[in-house]
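In case you want the letters, here they are:
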Amino acid sequence: MNLKIFSNILRSSESLMKKSLRHGICMQQIYRSWKNDAHPPPLDISNLQTMEDIKLKLFNIMGLSGKYENEDRKWLSEYLPKDQSELPARSMNPDKDLIISGQVTHVGKTSMEVTLWLEQLNDGKFERITRAHFVFVARDPTNTSSVMVNHLEPVGEREKNLMILSAKKNEDRKRARQNSILNKMPTPEEQSLIYETFMKTVDGKEPMIGNKVLPASSVWMDDTEIETNILCHPEDRNLHNTVFGGYLMRVATELAFLVASVHSKTRVKSQAINSITFRKPVPIGSKLKLIGKICYTSGRVMIVEIIAKVDEIESKKSLTSNSFYHVFVAPNNVDAVLPQNYHDSMLYIDGRRRYLDFIAHLENGQL
């Protein structure tokens, strides 16, 4: 090494050492000064027993800085619940026992329906909160073809009644698929409804087909749309190394709640899930796009559609993986949702059918 360069390194190191030493001495002086200064004693929280005690202690803490010392903060108490009766009503209490039960209630050649019940202990007895129906298809170990399932034999009147109800639901599902908008044109009543909806949006001052006017207390269906994109992580995978179905159901429900809340401008209540369809698996590492919109409204009820699409980053292909249909109820009547084109009109008719199905189940006490 060149002697001159070595000498410069030594001088640089010596200068750095002196600076570090001076910095260390300065920090020690600051520490001694801080240690010798008078500081307020630590806060005593041992006597905090009520919410009022906690609020007073928080007020005192905020006043230590002097910034909020003279500020009137009594208005905060107006927004806090005074007792348990002022809390929002819950259909399920978080501090009471729950029981989830289920059994196979219908079988076909290669498919089966499983019914689940969610109940909660209330006043010494279990009360039903909700019920869900899952349809599964049996597959072979290689997941290339379906396989036969065992015959179901009921025991007792309860299981016989469950099998009758499930068989009826199975027939209703088949009929709904046959009468789907994608398979059959709308009924005459539904075609009249589409025309009436169209006439509501025609400008009365300048009646032309191309002149669209939004009626009062209405919004276009596309204006209710909210989209979110998610990167699928390995912690959400299942045994097949794809995204767990429960995770997809959760994020879809959250988006549906957001869509309904934004439209109604208030907090809504999830009344039912009309249907959930799993079409394709969602690979880990893919981009999942969720598109939600309101497809039908009636009074306080909103039918929300969520479509999940898997976007392949390399090929830029987009495939539909899931569809979700939720029923939400607002405290007050919401603005009507109107279609702008024929595709939206078909979605509007489909949403109306789901609404009528929801009302029928509600009247029959099947929710």
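Numbers given to residues run from 1 along each chain, matching the order in which its sequence is written. Side-chain atom pairs in this predicted model are given and counted only at pLDDT of 80 or more, local residue features only at pLDDT of at least 70, and totals for whole chains, interfaces and linings cover all residues. Excluding hydrogens and water, the side-chain figures rest on all heavy atoms present in the structure.

Undergrad: Would you mind going over the environment of F328 with me for this structure?
TA: Position of F328 among the secondary structure elements: in strand 9 (residues 318-329). The spacing of F328 and S270 is 58 residues in sequence and 4.6 Å in space, taken between C-alpha atoms. Residues count as neighbours in contact if any of their non-hydrogen atoms are within 4.5 Å of one another. Apart from the residues lying within four places of it in its own chain, the contact partners of F328 are T253, A256, F257, A260, V268, K269, S270, Q271, R300, V301, M302 and V304. Secondary structure is summarised from DSSP: a helix means a run of H or I of at least four residues, a strand means a run of E of at least two, and numbering begins at the N terminus for each.

Undergrad: I keep staring at helix 6 (residues 342-363) and nothing clicks. Help me out?
TA: Note on helix geometry: an α-helix contains 3.6 residues per turn, so any two residues three or four positions apart are oriented the same way. The end-to-end C-alpha separation of helix 6 is 32 Å, in line with the 32 Å expected for 22 residues at 1.5 Å each. By the N-cap criterion, in which a side-chain oxygen at the helix start approaches the backbone nitrogen of a residue two or three places on, helix 6 is capped by N341, the distance to H343 being 3.2 Å. Expected span, for any helix, means 1.5 Å times one less than how many residues it has. Two N or O atoms count as a polar contact when they lie within 3.5 Å, although within protein this holds only if one can serve as hydrogen donor and the other as acceptor, and sequence-adjacent residues are included solely when both atoms are side-chain atoms.

Undergrad: Looking at this structure, how should I read the sheet that holds strand 2 (residues 111-122)?
TA: Within a sheet, each strand pairs with its neighbour through backbone hydrogen bonds, oriented either parallel or antiparallel. Strand order in the open sheet formed by 3 strands is 1-2-3, with antiparallel pairing between adjacent strands. The outermost strands of the open sheet, each flanked by one partner alone, are strand 1 (98-107) and strand 3 (125-137). Ignoring which end each strand starts from, the neighbouring axes of this sheet average 20° apart. Two strands are said to pair when DSSP picks up at least two bridges between them. Note: strand 2 against strand 3, 12 bridges, orientation antiparallel. What counts as an axis is a line fitted to C-alpha atoms, over the stretch in contact for a helix, and the angles between N-to-C directions run from 0 to 180 degrees.

Undergrad: Looking at this structure, how should I read the pairing of strand 2?
TA: For a regular strand, side-chain orientation follows a simple rule: the groups alternate between the two sheet faces. Bridge count for strand 1 against strand 2 is 9 bridges, and the pairing is antiparallel. Its bridge partner lying in strand 2, I99 is registered against E119. What sits between strand 2 and strand 3 in their antiparallel hairpin is a turn of 2 residues, with D123 showing a positive phi close to 55°.

Undergrad: Is there a simple way to explain the sheet that holds strand 9 in this structure?
TA: Within the open sheet, the 5 strands sit side by side as 5-7-8-9-6. Their pairing is antiparallel. Single-partner strands in this sheet number two, and they are strand 5 (226-231) and strand 6 (269-278). Each adjacent strand pair in this sheet contributes to an overall mean axis angle of 20°, direction not counted. Relative to the sheet, helix 5 (residues 245-264) contacts strand 5, strand 6, strand 7 (287-298), strand 8 (301-311) and strand 9, its axis offset from that of strand 7 by approximately 45°. Along the sheet, helix 6 makes contact with strand 6, strand 7, strand 8 and strand 9, crossing strand 7 at roughly 70°.

Undergrad: Teacher, can you tell me more about the packing of helix 4 (residues 188-200) against helix 6 here?
TA: The relative placement of two packed helices comes down to the angle between their axes together with the axis-to-axis distance. Remark: helix 4 packs on helix 6, axes separated minimally by 11 Å, with the N-to-C direction vectors making an angle of 125°. By the angle between their directions, the pair helix 4 and helix 6 is classed as oblique. Every pair of crossing elements has a handedness; the one defined by helix 4 and helix 6 is right-handed. Where helix 4 approaches helix 6, its residues E189, E190, L193, I194 and T197 are matched on the opposing element by S345, M346, Y348, I349, R352 and R353. Class assignment of the residues belonging to the contact of helix 4 with helix 6 gives a composition of 5 nonpolar, 2 polar and 4 charged. For classification purposes, an angle smaller than 35 degrees is called roughly parallel, one larger than 145 roughly antiparallel, one from 65 to 115 roughly perpendicular, and anything else oblique. The hand of a helix crossing depends on one turn: near helix anticlockwise from the far one by less than a right angle means left-handed, and clockwise means right-handed. Put simply, Ala, Val, Leu, Ile, Met, Phe, Trp, Tyr, Cys and Pro go in the nonpolar bin, Asp, Glu, Lys and Arg in the charged bin, and everything else, Gly too, in the polar bin.

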